[in-house]
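# Observations on chain architecture
Residue strings, one per chain:
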Amino acid sequence: RRGPNGAVNHSALPHNHPVNILYRIGVIGGSLYALHELKVFHKVVMSPDVDHEWFKIGLAATIAISAIKAYMELYEGKIRKQKIDYQNFKNSTHAVLFLFLLAAISFHMSLWGAYGGGKTILINILFGYGVLLQFMLLVPTWVQNIVTFIALTFFLQQYQ
């Protein structure tokens, strides 16, 4: 196997190796447990200390990222048979990067009043790296799109 710089990487395990799968499930489980212990869902939905206007901006950016992701993978990738890479879709890549930055700043600003700086950074890392990234690496894209749609619909109904 070759690494990103073209060098042979003998230590890399295949994507679907049981060790990689167990690692991802463990990180997701540990992150969800930590988020539960910090009572993040309850505070986001109920706490007056959370800046809900900033949270709504972050939620809108997240929905936009999900829509662009689904469009790129389903329409451009599957139907039009385009290769999804940076060279072919620079504008979409830049839009997603901007929206990601907007969402990260918005969620950080919204949680700051309830948790302060250190815990807010921890929560963003737990959710971003510990849940989202590991989930994206664990399941196929069609499952990601379905789960994202269901999760965002559920959360939008809970969050008023």
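These numbers were taken from a predicted model, which means no experiment stands behind them.

The helix and strand inventory of the protein stands at five helices and zero strands. Walking the protein from its N terminus toward its C terminus, one meets helices and strands in the order α-α-α-α-α. Its C-alpha atoms give the protein principal-axis dimensions of roughly 50 × 35 × 25 Å. Looking at the protein as a whole, 28% of its 160 residues are labelled buried. Long-range contacts, defined here as pairs at least 24 residues apart, represent 68% of the contacts in the protein between residues at least 6 apart. As presented, the protein carries roughly 10600 Å² of accessible surface, and 69% of it is formed by carbon and sulfur atoms. With 13 positive and 7 negative side-chain charges, the protein shows a spacing of 12 Å between the two charge centroids.

Further remarks concern the nonpolar core. Grouped together as the largest cluster of nonpolar side chains are 21 residues, with contacts concentrated most on Val 40, Val 44, Tyr 115 and Ile 123. At the level of secondary structure, the elements contributing two or more residues to this core comprise helix H2 (40-46), helix H3 (52-79), helix H4 (90-138) and helix H5 (141-158). Per element, the largest residue contribution to this core is nine residues, and it comes from H4. When neighbours within four sequence positions are excluded, Val 44 is seen to be in contact with Val 50, His 52, Phe 55, Leu 111, Phe 155 and Tyr 159.

Attention now goes to unusual backbone geometry. Of note in the backbone geometry, Lys 39 takes a positive phi value of approximately 55 degrees without being a glycine. Relative to the elements of secondary structure, Lys 39 occurs in the loop between helix H1 (18-37) and H2. Within the chain, Lys 81 stands out as a residue other than glycine whose phi angle is a positive 60 degrees. Mapped onto the secondary structure, Lys 81 falls in the loop between H3 and H4.

Criteria and cut-off values
Residues numbered from 1 in each chain as written. Predicted model: local features only at pLDDT ≥ 70, side-chain atom pairs only at ≥ 80, totals over all residues. Heavy atoms only, no water. Helix = DSSP H or I, 4+ residues; strand = E, 2+ residues; numbered from the N terminus. Buried < 20%, exposed > 50% of the residue type's maximum accessible area, 1.4 Å probe, protein only. Contact = heavy atoms within 4.5 Å. Areas by Shrake-Rupley, 256 points an atom, 1.4 Å probe, with all protein chains shown as cover. Lys, Arg positive; Asp, Glu negative; His and termini not counted. Charge placed at Lys NZ, Arg CZ, Asp CG, Glu CD. Core = buried A, V, L, I, M, F, W, Y, C linked by side-chain atoms within 4.5 Å.

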